[in-house]
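# Structural characterization, general
Each chain, letter by letter, is given below.
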Number of protein chains: 2
Amino acid sequence: MSATFVVGTGISPFDRAPSTRSADQVAHAVRAALDDAAVSLDQIDAVYVGNAAGGLLTGQEMIRGQVLLRGLDLGGTPIVNCENACASGSTALYLADTALRAGRAGTVLVVGAEKMASEDKQRPMTALATAVDQERLEEETPEIRGDGSLFMDIYAQLARDYLTDHDARPEDFAALVVKNRRHASHNPVAQFTAPLTVEEVLNARLINDPLTLPMCSPIGNGAAAVVLTTEPSPAATPVRLLASSLVSGRGRHAEPAVTHAARLAFSQADVSPDDVDLAEVHDATAPAELIALEELGLLAPGEGVFAVRKGRLSVGGDLPTNPSGGLVCKGHPVGATGVAQVVEVADQLRGRAGGRQVEGARIGVTENAGGWLGGDVAAAAVHILGR
Amino acid sequence: MSATFVVGTGISPFDRAPSTRSADQVAHAVRAALDDAAVSLDQIDAVYVGNAAGGLLTGQEMIRGQVLLRGLDLGGTPIVNCENACASGSTALYLADTALRAGRAGTVLVVGAEKMASEDKQRPMTALATAVDQERLEEETPEIRGDGSLFMDIYAQLARDYLTDHDARPEDFAALVVKNRRHASHNPVAQFTAPLTVEEVLNARLINDPLTLPMCSPIGNGAAAVVLTTEPSPAATPVRLLASSLVSGRGRHAEPAVTHAARLAFSQADVSPDDVDLAEVHDATAPAELIALEELGLLAPGEGVFAVRKGRLSVGGDLPTNPSGGLVCKGHPVGATGVAQVVEVADQLRGRAGGRQVEGARIGVTENAGGWLGGDVAAAAVHILGR
């Protein structure tokens, strides 16, 4: 089986303007990734595109990738459009890695993109709510509805459970936002970069107790791209994709999907959670960062609250998490997120992360999860990168 | 690289009732395919689901496969949702074959499904029209609009071109419908099975000249499933998947997408078009059957019209095409079609096709294409099966 390398990364600024064209963001990210890889379009054997809800968000379904990539001369190269709610981008990565390992392609492009901002403010809320079984909405969702999206209600319930189970305080969740704003302030593509205090986060508009507005990932637009290859040029600084795992829903033995995906990935990579130097995790809300780290096995259950209090999750700590700013501060254009996480980790491992650089990082993990089905995420993906 | 075998097939009846539940059709097809393969759900390593426009057709986007497969106990098995307009089902097959060739899975399930029928008759028309770039509708579509869908207008233009270029007559297209109705009359899942005469086809309601209603594939619901494996049991009658190719849009040297995909597939399978015993092709309208056969290289340009006049394309002829009834008569629930074509060919190669059996068939081809972009299909896939 061939080894897969990340040889190029590109990302658009994440924004929330209704006028942004997704195809422009994609072209920006793709050109940056190709330039970085020193690869031309005619060297690309296949393109894997992750997009979560373009049909409902923009009205373009069916051939999303072909339309997004139209400005580039791909000359018949196969384009695969995939969708797995908030894990769409990681699903594209998983498929691309699979194609390389099959020998079906030598060099591939992976694109994640979402255009969410709309003049119609309700449109993204309605579209995102389809990440739940539409025939069983009542039984799947919490009874206490807040002033936000369906998913914020689900995450609020998870946050309340975390507070109860682990003697945590809303201040701990606010501290995560403060930390991620600091990280994002060094990330030129991030959506929210202004510093915030714990008090400001706690006093902001309540979305659904205990979540306040700055604890929730925003609506946004963005695109990210990576070039993967089995044959990096000698001149490149390649990063190795050590593992790519995808699971759907809770496992047969009640194991959470993220834990299941992590177990598969650590086994595939032949590294241990102790070897991890940094993580980009799916903090669709601030508390989810702690839940993800614990489900990944990077922290013990309940350890997250102490980790944030001690500053362990900051750049400079021993488990720097979401150096990009994470979903809450960098932004969460749904289909782009999984690819953007790999862009961040690959850039970190190559020492290109500027003011948010994790010094000496050699092993990084991404965790991307989406949808909600029967009490767990409908799709969870873990990628491990190393140099 | 491992060899891929089709060891189980299943298909639901194709219908057009607005009340049909897609999940029920999927469960029917999946259970039949698993039974046929003598494989249990816990032996399935991954599921690849093709669906073209669920977001706009049914409101369920983001996690379509997870919702469609909810009634089955998949226990964390990865589900990949893919979309490529009318080639969605074939894209799922392509991904599944890739996963097997990568050694990432040993046995996989492929599902194609679409629920199109709606109480709102305009809804499927609107959804299907998104298989064209929504920002460039004007330049992409023919000026003369008929009394049907956008795609029937595109196909009508192709049919008019064919009449002009090859001295064909509308009677030839009608003869294809008569032939495919006869095939469909032996297919218990087909949507239209009543016999028609050439005169009846020609005198039916005109959709867009020269296409009359029976020449156009209908709105419908359906699901198809196959089990693919690298390790068939000794007791099974496996069919080998000799090639799987996917391309997007016209190639760099102006080669039609279908021709490009066929060239790749015949090379991969190491068989010649002369070796082909039967074909299932994407006749979204009757004339498209001839265009597909010619673009595939199974007939020379313009030879199609003589082939239909001589009965060569009927079961019993030397190039039996669409023995299932094809899209026009069996039906075309968009995301199901590519998988349904492979179900038909695999059943034919195993001698299980009843009254429509192609005697002694050893090599079969499927061609599935979808979307419209810059004057060619946005995705084209060719699969070659052999025993």
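Structure: above.
Here the focus is the overall build of chain A. For chain A, the helix and strand inventory stands at 14 helices and 11 strands. Scaling as 2.2 N^0.38, a compact globule of 387 residues should have a C-alpha radius of gyration of about 21 Å, and chain A matches this with 19 Å. Seen through its principal axes, chain A has C-alpha atoms that stretch 55 × 45 × 45 Å. Every one of the 387 residues in chain A was classed for burial, and the buried ones make up 67%. Within chain A, contacts between residues at least 6 apart in sequence are counted, and of these 75% link residues at least 24 apart. Counting only carbon and sulfur atoms, one obtains 50% of the accessible surface of chain A, whose full area is about 12800 Å². In chain A, 31 positive and 47 negative side-chain charges are present, and the distance between their average locations comes to 3 Å.

All right, on to the pairing of strand β1 (residues 4–11) of chain A then. All names here are of chain A. Most of β1 sits out of view: 8 of its 8 residues are buried. Where β1 and strand β8 (residues 239–247) come together, 3 bridges link them in antiparallel fashion. Among the inter-strand pairings, Val 6 is bridged to a residue of β8, identified as Val 239. Here β1 runs beside strand β7 (residues 221–229); their pairing, made up of 6 bridges, is antiparallel.

For the structure shown, the criterion picks out 44 salt bridges over all chains. As a salt-bridge pair, Arg64(B) and Glu83(A) come within 2.7 Å of each other at their nearest N and O atoms. With Arg64(B) in helix α3 (residues 64–68) and Glu83(A) in strand β3 (residues 79–83), this residue pair bridges two chains. Residue classification places Arg64(B) among the buried positions, given a relative accessible area of 4%. Classification of Glu83(A) as buried rests on a relative accessible area of 3%. In this structure, a network of salt bridges that share partners links the residues Glu61(A), Arg64(A), Glu83(A), Glu61(B), Arg64(B) and Glu83(B).

Before going further, it helps to examine the layout of surface pockets. Residues and elements named next belong to chain B. Reported here for the second largest pocket is a volume of approximately 810 Å³. Taken together, 41 residues form the lining of the second largest pocket, with Arg 16, Met 125, Ser 217, Pro 218 and Ile 219 sitting closest to its centre. Secondary structure elements with two or more residues in the lining of the second largest pocket: α5 (122–128), α7 (150–166) and β10 (363–370). The residue makeup of the lining of the second largest pocket, split by class, is 27 nonpolar, 9 polar and 5 charged.

If you look at the biggest cluster of nonpolar residues, it comprises 81 residues, and the most contacted ones within it are Leu313(A) and Ile384(A). Non-local contacts of Leu313(A), meaning those with residues more than four positions away in its chain, are made with Leu176(A), Lys179(A), His183(A), Glu289(A), Leu290(A), Leu293(A), Leu299(A), Ala307(A), Val308(A), Leu319(A), Pro320(A) and Thr321(A). Counting residues in hydrophobic clusters, the runner-up holds 80 residues, among them Ala168(B), Ile207(B), Ala265(B) and Val328(B).

The next subject is the packing of α7(B) against helix α11 (residues 286–295) of chain B. All names here are of chain B. It is at 9 Å that the axes of α7 and α11 come closest, and there the two elements cross at 65°. The angle between the axes of α7 and α11 places the two elements in the roughly perpendicular class. Here α7 runs over α11; the crossing is left-handed. For the pair α7 and α11, contact is made by Tyr 155, Leu 158, Ala 159, Tyr 162 and His 166 and by Pro 287, Ala 288, Leu 290, Ile 291 and Glu 294, respectively. Residues belonging to the contact of α7 with α11 are distributed by class as follows: 8 nonpolar, 1 polar and 1 charged.

The subject of this paragraph is the relation of the copies chain B and chain A. Turning chain B through 180° and shifting it by 0.0 Å along the axis lays it on chain A, with an RMSD of 0.0 Å. When the rotation and shift are considered jointly, the pair of chain copies conforms to a two-fold rotation axis. No C-alpha of chain B lies nearer the rotation axis than that of Ala102(B), which sits 1.8 Å from it. The fraction of interface residues of chain B whose copies in chain A are also interface residues reaches 100%, indicating that both copies meet through the same surface.

What follows is about the packing of aromatic side chains. Residues and elements named next belong to chain A. Within the structure shown, the criterion is met by 2 aromatic pairs over all chains. Where Tyr 162 meets Phe 173, the ring centres are 6.2 Å apart and the plane angle is 55°; that geometry is what we call tilted. With Tyr 162 in helix α7 (residues 150–166) and Phe 173 in helix α8 (residues 170–184), this pair connects stretches of sequence that are 11 residues apart. The same class applies to Tyr 162 and to Phe 173, which are both buried.

Conventions used here
- Residues numbered from 1 in each chain as written.
- Chains lettered and ligands numbered in written order.
- Predicted model: local features only at pLDDT ≥ 70, side-chain atom pairs only at ≥ 80, totals over all residues.
- Heavy atoms only, no water.
- Helix = DSSP H or I, 4+ residues; strand = E, 2+ residues; numbered from the N terminus.
- Rg over C-alpha atoms; globule rule 2.2 N^0.38 Å.
- Buried < 20%, exposed > 50% of the residue type's maximum accessible area, 1.4 Å probe, protein only.
- Contact = heavy atoms within 4.5 Å.
- Areas by Shrake-Rupley, 256 points an atom, 1.4 Å probe, with all protein chains shown as cover.
- Lys, Arg positive; Asp, Glu negative; His and termini not counted.
- Charge placed at Lys NZ, Arg CZ, Asp CG, Glu CD.
- Pairing = 2+ DSSP bridges.
- Salt bridge = Lys/Arg side-chain N within 4 Å of Asp/Glu carboxyl O.
- 1 Å grid on protein atoms, 1.4 Å probe; cavity = no way out; pocket = protein on both sides within 12 Å on 5 of 7 lines; lining within 4 Å.
- Points joined across faces, edges and corners; volume = space filled by probe spheres on them.
- Nonpolar A, V, L, I, M, F, W, Y, C, P; charged D, E, K, R; others polar.
- Core = buried A, V, L, I, M, F, W, Y, C linked by side-chain atoms within 4.5 Å.
- Axes fitted to C-alpha atoms, helices over the stretch in contact; angles between N-to-C directions.
- Parallel < 35°, antiparallel > 145°, perpendicular 65-115°, else oblique.
- Left-handed = near helix turned anticlockwise from the far one by under 90°.
- Least-squares fit on C-alpha atoms with pLDDT ≥ 70 in both.
- Phe/Tyr/Trp six-rings, centres within 6.5 Å; stacked < 30°, edge-to-face > 60°.

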